[in-house]
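For reference, the chains in residue letters:
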Amino acid sequence: MEVSDGALLLACRQNDQTAWEALIARYQRLIFSIPRRAGLNPEQAADVFQQVFATLVEHLDQIEHPDRIGPWLVTTARRETWRVSRGRIPAWTPVGDGTEDSPALELPDRDPLPQDAVLGQERRHLVRQAVSELGDPCRTLLLMLFFHPEPPSYAQVAMALGTSEGSIGPTRARCLQKLARLLAGLGL
């Protein structure tokens, strides 16, 4: 079973190098994605990533809720991303003159807002974390059914789990209930 965020942070306070590596590995994709989704280049995103963990080291003993380190890291990454992005020159040039016939007014922006993208990344991270905390056969079943680009047939799932096809549906329902409880415990 995976070590909780709170346990990792407490181990980091004891200078446990393995805990530091596990904490960084757990959150590196999420933290790096925040500045990238905000439009920073890879070098700037790496600077943000480094600053987030430097800030964590600096405030390690002041964090009151070790089990909520994920949201703390995300908030710190957002603030650092905003700080870095304030100092850069916009990479866009306005098109047209701003009148109603201007082509600039015909280009709708369908991309999600940066904060919506970050919230989506956070949710996906929490779901991955909760799925990893599930025991077998639930973890295997949910990974097979929901995390593969082409989900296998019930016959293939039954064979992989060593069970009957008729038990897949009820097992899936129980596993989704367990996952919902884990996600609720993670604040989702």
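Residues numbered from 1 in each chain as written. Predicted model: local features only at pLDDT ≥ 70, side-chain atom pairs only at ≥ 80, totals over all residues. Heavy atoms only, no water.

Caption draft 1: The packing of helix H1 (residues 5–13) against helix H2 (residues 17–37), seen in detail. Where H1 meets H2, the axes come as close as 8 Å, and the angle between the chain directions of the two elements is 135 degrees. What the angle tells us is that H1 and H2 run oblique. In this structure, H1 crosses over H2, and the sense of that crossing is left-handed. Of H2, the residues touching H1 (which contributes Asp5, Leu8, Leu9, Ala11 and Cys12) are Ala19, Trp20, Ala22, Leu23, Arg26 and Tyr27. Partitioned by chemical class, the residues of the contact of H1 with H2 number nine nonpolar, no polar and two charged. (Axes fitted to C-alpha atoms, helices over the stretch in contact; angles between N-to-C directions. Helix = DSSP H or I, 4+ residues; strand = E, 2+ residues; numbered from the N terminus. Parallel < 35°, antiparallel > 145°, perpendicular 65-115°, else oblique. Left-handed = near helix turned anticlockwise from the far one by under 90°. Contact = heavy atoms within 4.5 Å. Nonpolar A, V, L, I, M, F, W, Y, C, P; charged D, E, K, R; others polar.)

Caption draft 2: Local environment of the confidence of the model for the protein chain. Of all residues in the protein chain, 82% have pLDDT values of 70 or greater, and the mean over the chain is 81. Helix H3 (residues 42–59) holds the highest mean pLDDT among the elements of the protein chain, 92, whereas helix H5 (residues 114–133) holds the lowest, 77. Contacts for the low-pLDDT stretch residues 89–99, under 50 throughout, to residues beyond four places or in other chains number eight contacts. Ignoring residues within four places in sequence, the model shows residues 102–109, a span with pLDDT below 50, making 10 contacts including any to other chains. (pLDDT = per-residue confidence, 0-100.)

Caption draft 3: Structural detail: the side chain of Asp5. Among the structural elements, Asp5 can be located in helix H1. A relative accessible area of 7% means that Asp5 is categorised as buried. Once residues lying within four places of it in the same chain are set aside, the contact partners of Asp5 are Arg26, Tyr27, Pro66, Asp67, Ile69, Gly70 and Gln129. (Buried < 20%, exposed > 50% of the residue type's maximum accessible area, 1.4 Å probe, protein only.)

Caption draft 4: Structural view of the packing of aromatic side chains. According to the stated counting rule, one finds one aromatic pair in the structure shown. Note on Phe49 and Phe53: the rings are 5.0 Å apart at their centroids and 55 degrees apart in plane angle, and the pair reads as tilted. Residue Phe49 and its partner Phe53 are both found in helix H3; the two are separated by four residues, about one turn of the helix. Exposure class is identical for Phe49 and Phe53. Each is buried. (Phe/Tyr/Trp six-rings, centres within 6.5 Å; stacked < 30°, edge-to-face > 60°.)

Caption draft 5: Seen up close, helix H6 (residues 138–146). For H6, the full list of buried residues reads Cys138, Leu141, Leu142, Met144 and Leu145. The buried residues of H6 occupy an angular sector of 165 degrees when the element is viewed end-on, so they sit on one face. The elements touched by buried residues of H6 are helix H7 (154–161) and helix H8 (168–185). (Arc of directions from axis to C-beta.)

Caption draft 6: Looking closely at a nonpolar patch on the surface. The grouping of Leu143, Phe146, Phe147 and Leu176 at the surface amounts to a nonpolar patch, some 350 Å² of accessible area in total. Among the residues examined, Phe146 registers a relative accessible area of 48% and is labelled partly exposed. (Patch = residues over 30% accessible without salt bridge, like charges linked within 9 Å, V, L, I, M, F, W, Y side chains within 5 Å. Areas by Shrake-Rupley, 256 points an atom, 1.4 Å probe, with all protein chains shown as cover. Salt bridge = Lys/Arg side-chain N within 4 Å of Asp/Glu carboxyl O.)

Caption draft 7: Spatial organisation of the packing of H6 against H8. Closest axis-to-axis distance for the H6/H8 pair is 10 Å, and the angle between their directions is 105 degrees. Classified by the interaxial angle, the pair formed by H6 and H8 is roughly perpendicular. Residues Cys138, Leu141, Leu142, Leu145 and Phe146 of H6 pack against Ile168, Thr171, Arg172, Cys175, Leu176, Lys178 and Leu179 of H8. For the contact of H6 with H8, a count of residues per class yields nine nonpolar, one polar and two charged.

Caption draft 8: Expanded view of the nonpolar core. Ranked by size, the top nonpolar core spans 24 residues in total, and within it Leu23, Tyr27, Ile31, Phe53, Leu56, Ile69 and Leu73 carry the most contacts. Within the residue set of this core, elements represented by two or more residues are H1, H2, H3 and helix H4 (69–86). The contact partners of Phe53, leaving out residues within four places of it in the chain, are Ile24, Tyr27, Ile31 and Leu73. Formed by 16 residues, the second largest nonpolar core is a distinct cluster that contains Leu141, Leu145, Ala158 and Leu186. (Core = buried A, V, L, I, M, F, W, Y, C linked by side-chain atoms within 4.5 Å.)

Caption draft 9: Region of interest: the pattern of salt bridges. In the structure shown here, the tally under the stated rule is three salt bridges. With its nearest N and O atoms 2.5 Å apart, the salt bridge here joins Asp5 to Arg26. Of this pair, Asp5 sits in helix H1 while Arg26 sits in helix H2, placing them 21 residues apart in sequence. The class of Arg26 is buried, set by a relative accessible area of 15%. Here Glu80 ties to Arg83 by a salt bridge, and the two come within 2.5 Å at their closest N and O atoms. Here Glu80 pairs with Arg83, and both are found in helix H4, just three residues apart, close to one helical turn. According to the relative accessible area criterion, Glu80 is buried, its value standing at 11%.

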